[in-house]
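Inside the fold
Below are the chains, spelled out letter by letter.
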Amino acid sequence: MTEPLARRAHPFTAGTVALLLVLLAVLVPAPHGPPLLYAAVCLVAVASGVGRAVLLGLVVAAPLWLLLFLMHGVLGEGPRVAAPWGGTLSQSGLAWALEQGSRLAAIVTASLGFARAFDPHRFLQAAIARRWPFAAAFLVVATLDAMTRFGEQATRLREAQRTRGLKVRGSLATRARAIPSLVFPLLLASLTEADEHALALETRGLTAPGVRTALDPPRDTILDHGVRWGALLVLVTALWWRLAA
């Protein structure tokens, strides 16, 4: 099975593209910029082989879209337009909800796409090859990798508590009562794991001075260089456009 393009590219390239898309989500002007950018983010995610991030982004962003629609489309002020189901909606509120919802959805989708393409081993090897401080590079890897391990640990803990008779499904009241029995053990287990990892890394010389050698540095191709420089050019152009407008 062919490896996705996002994982075959140099680790710095995927990070640069994701950071560019996040910054553009803040910089692009309304009203047409945010929806067009969100569509572009979805296309980039699908083309680079991390299309699942689009679905996950929709799941995460859907409550935000709904909240913005209710607060600004339904309850907003200004000129009103007829709603298909009856009643009226705020025209300016709908436009603002679409703009801000697109910005948030673009940020979420780009971040999830980068998380799915992120390879800790390749990133560390690339950072070592560039003579980055190893402690700083490892901190980035540990932070991004912790989200995955935290989710897996939460799933194991939930299933373990269910085998002990804890009800974690049902009404909102039932789920609310189960929160303390899930959160406190999860926090305790996470702190214990972090302490154990810190001790293990310290004994292996994480903070020891000296230059490390990259054993398997990823290829940094001309295409990777072109994408990163192109991303920088796009960002500078977007900044100039916004400041000049």
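Calculation notes
- Residues numbered from 1 in each chain as written.
- Predicted model: local features only at pLDDT ≥ 70, side-chain atom pairs only at ≥ 80, totals over all residues.
- Heavy atoms only, no water.
- Helix = DSSP H or I, 4+ residues; strand = E, 2+ residues; numbered from the N terminus.
- Buried < 20%, exposed > 50% of the residue type's maximum accessible area, 1.4 Å probe, protein only.
- Contact = heavy atoms within 4.5 Å.
- Axes fitted to C-alpha atoms, helices over the stretch in contact; angles between N-to-C directions.
- Parallel < 35°, antiparallel > 145°, perpendicular 65-115°, else oblique.
- Left-handed = near helix turned anticlockwise from the far one by under 90°.
- Nonpolar A, V, L, I, M, F, W, Y, C, P; charged D, E, K, R; others polar.
- Core = buried A, V, L, I, M, F, W, Y, C linked by side-chain atoms within 4.5 Å.
- Expected span 1.5 Å × (residues − 1).
- Bend = angle between axes of the 7 residues up to and from the residue.
- Phe/Tyr/Trp six-rings, centres within 6.5 Å; stacked < 30°, edge-to-face > 60°.
- pLDDT = per-residue confidence, 0-100.

The subject of this paragraph is the overall build of the chain. Helix and strand counts for the chain stand at 9 helices and 2 strands. Counted from the first residue to the last, the chain has its helices and strands arranged as α-α-α-α-β-β-α-α-α-α-α. For the chain, the residues scored as buried account for 31% of the 245 residues in total. Taking contacts inside the chain between residues at least 6 apart in sequence as the whole, the part at least 24 apart equals 67%.

It is at 8 Å that the axes of helix α3 (residues 33-47) and helix α5 (residues 91-117) come closest, and there the two elements cross at 25 degrees. By the angle between their axes, α3 is roughly parallel relative to α5. You can see that α3 and α5 cross each other, and the crossing is left-handed. Each of Pro34, Pro35, Leu37, Tyr38 and Val41 in α3 lies in contact with α5, whose residues at this interface are Leu98, Glu99, Ser102, Arg103, Ala105, Ala106, Thr109 and Ala110. Looking at the contact of α3 with α5 residue by residue, the classes come out as 9 nonpolar, 2 polar and 2 charged.

A few words now on the nonpolar core. Within soluble globular proteins, side chains that are nonpolar generally end up buried alongside one another. Counting 22 residues, the largest nonpolar core has Leu24, Leu37, Val41 and Ala106 as its most contacted members. Elements with a minimum of two residues in this core: α2 (11-27), α3, α4 (52-74), α5 and α9 (222-244). Apart from the residues within four sequence positions on either side, valine 41 is in contact with Leu21, Ala106, Thr109 and Ala110.

To continue, consider α4. A rise of 1.5 Å per residue sets the reference length of α4, with its 23 residues, at 33 Å; its end C-alpha atoms lie 31 Å apart and thus fit the reference within 8%. Bending of α4 peaks at approximately 40 degrees at the position of alanine 61, with proline proline 63 no more than four residues after it. Here α4 has its buried residues at Ala53, Val54, Gly57, Ala61, Leu68 and Gly73. Where α4 is buried, its residues meet α3, β1 (80-82), β2 (88-90) and α5.

Right, let's talk about the packing of aromatic side chains for a bit. Here the structure, examined in full by the defined rule, presents 3 aromatic pairs. Taking 5.8 Å as the distance between ring centres and 75 degrees as the angle between the ring planes, the aromatic pair formed by phenylalanine 12 and phenylalanine 123 counts as edge-to-face. Taken as a pair, phenylalanine 12 in helix α2 and phenylalanine 123 in helix α6 (residues 120-129) lie far apart in primary sequence, 111 residues in all. For the pair phenylalanine 12 and phenylalanine 123, a shared accessibility class is recorded, and that class is buried. Look at phenylalanine 114 and phenylalanine 118: their rings are 5.6 Å apart centre to centre, the planes differ by 55 degrees, and that puts the pair in the tilted class.

Moving on: the confidence of the model for the chain. Taken residue by residue, the chain gives an average pLDDT of 80. The fraction at 70 or more is 78%. Mean pLDDT in the chain bottoms out at helix α8 (residues 172-203), which sits at 67, and peaks at α3, which reaches 92.

For α9, with 23 residues, the first-to-last C-alpha span of 32 Å sits near the 33 Å given by 1.5 Å per residue. Of the positions making up α9, those classed as buried are Asp224, Arg228, Ala231, Leu235 and Ala238. The elements touched by buried residues of α9 are α2.

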